[in-house]
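Here are the chains, one letter per residue:
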Amino acid sequence: MSTLTRYSAIPYTGPAPTNREPYVPTDTQKMDARGAEIASRIGAEQETGQDLPTLVVRRERIVETLRALKNDLTFTMPLDLWAVDYPRRRQRFDVMYQLYSLQNNERVRLKVPVADGEPIPSSLPVYKGFDWFEREVWDLYGVRFDGHPNLRRILTHEAFQGHALRKDYDPAQRWLCTEKDVAALVPKVDPRFERVDTDFERVTLNLGPSHPATHGTLRIVVILDGEKIIGAEQEIGYLHRCFEKSCETHTYQQAIPFTDRLNYMSAIINNVGYCMTVEKLLGVEAPERAQHVRLILSEFMRIADHLVCIGTNLVDMGALTNFWYLFQPREEIYGLIEACCGARLLPSYLRIGGLAVDVPPNFLENAQRLVNMLPKYIDDVEKLVSRNKIFHDRVVGVAPISAEDAIDFGFTGPCLRACGIPFDVRKSNPYLGYETYDWDVPIAEGGDTYARYLVRMEEMRQSLRILQQAIDRGLPSGPVIIDNPYVALPPKEKVYNEMESLIYHFKLIMHGIQPPVGETYFQVEGGNGELGFYIVSDGTKNPYKVRCRPPCFAIYQAFGQMITGQTIPDAIAALGSLNIIAGELDR
Amino acid sequence: MNPWMHYLVWPLVKFLVAFIIVQGIVAAMNWVERRLLGFVQARLGPNRVGPKGLLQIIADPVKFLLKEDIVPANAETIAYFLGPILPLIPTFLVYCLIPFGPPPTFVAARVNVAVLLVLALTSTGVYGIILGGWASNNKYSLMGGLRSAAQMVSYEVPFGLSIVGVLMLSGSLDLVKIVNYQADHIWNLFPQLIAAFIFFVAMTAETNRTPFDLPEADSELVGGYHTEYSAMKFAFFMLAEYSAMLVNCCLMTLLFLGGWTLAIGGYGLTTQTLQHMGIPGGMLGVLIFIVKVMTFMLVYIWFRATFPRFRFDQLMDLGWKWMIPLALANIVVTGVVVLLGQSLNFQGEVVLSIAGAAIVGYTLYNLRPRAKVVHASRVSEV
């Protein structure tokens, strides 16, 4: 009868739901003060009461504002750009920019209200990294960016009509994409590799969408001069599942399985990111026991993610054996999650406010067993490849990206750390108590494929360090889901036996969680970098808007530039080392 | 004996017997490779069909025969059909020339320039690959074919050059004489250690095996030259590859490991000893030969489980900048030592063996794992 202990007392005596009142973030005063400071420095209006310093900028002034933020206030990293549609307003779209300053470890959000049909000047002259983000906003909202060199649809196809994330778009419509609708994707030839002699023929080669090395459905069109790539362009959207649109028609709880499918290599981390964002909006916190389990599973998932990335990357280079050496422990990690909730790859184990069920009694022993066995597998692979001359020749100096470029493109996670930038959300904005653990952020020099490999290998060891400490501390006792019937379902025994619980159960199923009106952003360190969720609540059971900041998206847009001048085998090796997960890329 | 019997019927019968046995070995090798790879890679490999999955040897060809044979719409039909067949013919013909045991019983056709003929025949195998790659009307296939052509041309040179030292020592192009010479003196592996190494690397490259499997590089070129091939045509490519592997391992054994003999300085199981023992002696010779060949086949598989793949320019670098100069140097040194040995009357093999061992020892000493593995550095305070 362990589930009975989930609730300490019924009837509930805590605060009543506040869904019609505005959401007030906890640190809003500090943020407002900083926001006022920034606003006065660059001369913009400020919006108060937000979880981040927020500026409201007129569309004509956006480039100038961004430039000032980048040059004067060290906001060098473009994190995210998205839009929200409020059809009843005259300026119906809020185009949002989120920037990060590595120097000061702070974020700033810009809001640019625009009416339908009003163009915004493109921010590409300031931040290269907003390239695809602007295309996405154009694709899904129909907000035009003036001066964008390549403003095409990105997640939907050429025959698509309308803009899918607008509130007045009818999702029942179907658009058939035939071969003749697909515009021929011809990449530009890099001027560095233009040849003056005319007696050679270039070959345009399609890598993907179905190619053994694309691990998912990615399409890269390359122009070849011999085996050298002299022009490349990526096309994405083959795995677009309307994640953000689907969330708007589901309750907060029902969106959790959708998040599993973002980065399906580390599904729990996505669950954590989403659930913690909603919890932030609700102003609640999961119980300690749940947080501890979340941390342990997150770190295991990070290891699993890196195992897959390195394993498949090595397979792409022909080192077949490492794949099994790395997948063996991954299976065991999934076994641990299966013991918790019955599912392996896409567990949906988390709930808003805690976990779906308590962990099995031998959870920590199993975790300890895994922590004991994992180093052997990592060392085996290290021995097989790290001193191998062929492997070195294949990865050292392949597809490098400079630290400046990486920041400008909005790289996060291992790919940024491989450029020598020690940015990790777990250190910069600790959550789940990461600040209480003793661990290091691995970095490497060079930003090439080898550096990315090294960083991932070391990150697994650091995750093991965190895990060992987490296991040593033991699981806190207590419930795994919060004692708040407006957020978490009462246990079945109580539902069958008590009137109040039955009503709470009914209300929660029928009306869902109803967070206060407001918007919030929360970020976790995913397998590939900063995984952010931005949620707007209008007080109803469905999120008004869910935005996911996929780390792959920012990383993959630089891929074409990275592989130009390299050969096909290099491109394949680099693609594997970036760990592009199509589920997260296309959402 | 009737010359017709002597020159046509008996050789044909011997060839057919050798052919059938070799094809059996090739089919079995596929199973061995998959099981062994499974063992190395911590998985099972085929174990469903028959005991230990042994009937997989039959199941695979049956599957290939029954599968739909797809011809791409815009393929060059004739060339497309010739592609898989062409490499089969030379690799099969080579089995006439290979002595599998003590002569005259275990060699179909004893030719006094056998080494040259074998080299000439095996090098034509690449035509099928180029033709198949080009005729498929697929860019990946074409690139695989072209890679294969360049690779074959590049590695044919060190492949041939590395044999020259052996020929100088034994003074003959006849495989039987080369084997007899080794039984009377010492396996060529020792005086020709570097040549043997070059030969082995070059033959791995010749057969497109890991780490030189660039023509079919499945993660880059999908399947390379055989991307568009299915059913029996695909099986023919595989058959040719494994047959070529086997031929090369036979050559390796004959040229460097004393073939069917197990003797040193004329003592032990030499060809004469085996011939004196009659049929059991011949069988023993064949057994010794097969064991040696299989060792090299297993090394092939071990390579496949261990190494990543080269990049194309690195492959060319290795071939042209390292293997060819090394093979040429080996010829010069061997020639000088053999001539000096004849005029000053000492055993050239001994000198060469000591020199080879010294070089290899020095190289291994330098290659020993010294440098710590490079780790990513760590930052605690961010």
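The model shown is predicted, which means the values in this text are computed figures rather than measured ones.

Student: For the side chain of Asn-322 of chain A, give the residues involved together with the corresponding values.
Tutor: All names here are of chain A. Within the secondary structure, Asn-322 is located in helix 8 (residues 321-341). Take Asn-322: its relative accessible area is 1%, and that puts it in the buried class. In this structure Asn-322 touches Leu-314, Val-381, Leu-384 and Val-385, once residues within four positions along its chain are discounted.

Student: So, the side chain of Ser-501 of chain A: which residues are in play, and what are the values?
Tutor: Within the secondary structure, Ser-501 of chain A sits in helix 16 (residues 499-511). Take Ser-501 of chain A: its relative accessible area is 0%, and that puts it in the buried class.

Student: So what about the interface of chain A and chain B? Which residues, and what values?
Tutor: Note: interface size is frequently given as the accessible area lost on complex formation between the parts. Between chain A and chain B, the contact holds 50 residues from the first and 33 residues from the second. With both sides pooled, the region where chain A packs onto chain B buries about 3700 Å², and carbon together with sulfur makes up 57% of that total. Three residues stand out in chain A for area buried against chain B, namely Trp-324, Arg-387 and Ile-390 of chain A, and they jointly supply 15% of the buried area on that side. Between the two partners, chain A and chain B, sit 2 salt bridges. The shortest N-O distance in the salt bridge between Glu-227 of chain A and Arg-147 of chain B comes to 2.5 Å. Linking chain A with chain B are 11 residue pairs in polar contact (both at pLDDT 80 or more), by the criterion used here. Where the side of chain A that touches chain B is concerned, the elements lending two or more residues are strand 8 (203-207), helix 7 (288-316), helix 8, helix 9 (363-386), helix 10 (389-395), strand 13 (441-443), helix 14 (449-473) and helix 19 (568-578) of chain A. Tallied by class, the residues present in the side of chain A that touches chain B amount to 27 nonpolar, 11 polar and 12 charged.

Student: Any details on the sheet that holds strand 16 (residues 545-549) of chain A? Residues and values, ideally.
Tutor: Sheet strands pair by backbone hydrogen bonding; their relative direction is either parallel or antiparallel. Residues and elements named next belong to chain A. Taken in spatial order, the 3 strands of this open sheet run 14-15-16, and their pairing is antiparallel. Here the strands that pair on one side only, and so sit at the sheet edges, are strand 14 (518-525) and strand 16. Going from strand to strand, the sheet's axes swing by 15 degrees on average, the running direction of each strand aside. Direction of pairing for strand 14 relative to strand 15 (residues 530-537): antiparallel, over a ladder of 8 bridges. Across the sheet, residue Gly-518 finds its bridge partner in strand 15, namely Ser-537.

Student: A description of the sheet that holds strand 9 (residues 219-225) of chain A should follow, citing residues and the corresponding values.
Tutor: All names here are of chain A. Taken together, 3 strands build an open sheet; the order of strands is 8-9-10 and the sheet is antiparallel. The open sheet has two edge strands with one neighbour each: strand 8 and strand 10 (228-235). Neighbour-to-neighbour, the strand axes of this sheet turn through a mean angle of 20 degrees, independent of strand direction. Note: strand 8 against strand 9, 5 bridges, orientation antiparallel. What sits directly across from Leu-207, in strand 9, is Ile-220.

Student: Could you give me a rundown of empty space enclosed by the protein, with the residues and numbers involved?
Tutor: In the structure shown here, the tally under the stated rule is 3 cavities of 30 Å³ or more. Here the largest cavity is characterised by a volume of approximately 230 Å³. For the largest cavity, the lining is made up of 18 residues, of which Met-152, Glu-206, Thr-207, Ala-240 and Ala-244 of chain B are closest to its centre. Every element with two or more residues in the lining of the largest cavity is listed here: helix 4 (88-97), helix 5 (114-123), helix 6 (125-135) and helix 11 (231-256) of chain B. Residues of the lining of the largest cavity, tallied by class, amount to 10 nonpolar, 6 polar and 2 charged. In this model, the second largest cavity occupies a volume close to 50 Å³. Sorting the residues of the lining of the second largest cavity by element identifies strand 3 (77-85), helix 3 (131-141) and strand 16 of chain A as the ones contributing at least two each.

Student: Go over the packing of aromatic side chains with me, naming the residues and quoting the values.
Tutor: Inspection of every chain in the model, using the stated rule, returns 41 aromatic pairs over all chains. Both rings, one in Trp-82 of chain A and one in Tyr-534 of chain A, keep their centres 4.6 Å apart while their planes meet at 55 degrees; by these two values the pair is tilted. With Trp-82 of chain A in strand 3 and Tyr-534 of chain A in strand 15, this residue pair connects regions lying 452 residues apart in the sequence. The class of Trp-82 of chain A is buried, set by a relative accessible area of 1%. Arranged with centres 6.2 Å apart and planes meeting at 80 degrees, the rings of Tyr-431 of chain A and Phe-522 of chain A form a pair that is edge-to-face. With Tyr-431 of chain A in the loop between helix 13 (425-428) and strand 13 and Phe-522 of chain A in strand 14, this residue pair connects regions lying 91 residues apart in the sequence. Phe-522 of chain A matches Tyr-431 of chain A in its accessibility class, with the two residues each being buried. Members of the aromatic cluster, joined through ring pairs, are Tyr-97, Tyr-127, Phe-130, Trp-132, Phe-133, Phe-553, Tyr-556 and Phe-559 of chain A. Positioned above the aromatic ring of Phe-553 of chain A is the side chain of Arg-587 of chain A, whose terminal nitrogen or guanidinium carbon lies 5.1 Å from the ring centre. Against the face of Phe-81 of chain B rests Lys-233 of chain B, its NZ or CZ located 4.2 Å from the ring centre.

Definitions and limits used
Residues numbered from 1 in each chain as written. Chains lettered and ligands numbered in written order. Predicted model: local features only at pLDDT ≥ 70, side-chain atom pairs only at ≥ 80, totals over all residues. Heavy atoms only, no water. Helix = DSSP H or I, 4+ residues; strand = E, 2+ residues; numbered from the N terminus. Buried < 20%, exposed > 50% of the residue type's maximum accessible area, 1.4 Å probe, protein only. Contact = heavy atoms within 4.5 Å. Buried area = accessible area lost by both parts, 1.4 Å probe. Salt bridge = Lys/Arg side-chain N within 4 Å of Asp/Glu carboxyl O. Polar contact = N/O pair within 3.5 Å; in protein donor to acceptor, adjacent residues only side chain to side chain. Nonpolar A, V, L, I, M, F, W, Y, C, P; charged D, E, K, R; others polar. Pairing = 2+ DSSP bridges. Axes fitted to C-alpha atoms, helices over the stretch in contact; angles between N-to-C directions. 1 Å grid on protein atoms, 1.4 Å probe; cavity = no way out; pocket = protein on both sides within 12 Å on 5 of 7 lines; lining within 4 Å. Points joined across faces, edges and corners; volume = space filled by probe spheres on them. Phe/Tyr/Trp six-rings, centres within 6.5 Å; stacked < 30°, edge-to-face > 60°. Lys NZ or Arg CZ within 6 Å of the ring centre and 35° of its normal.

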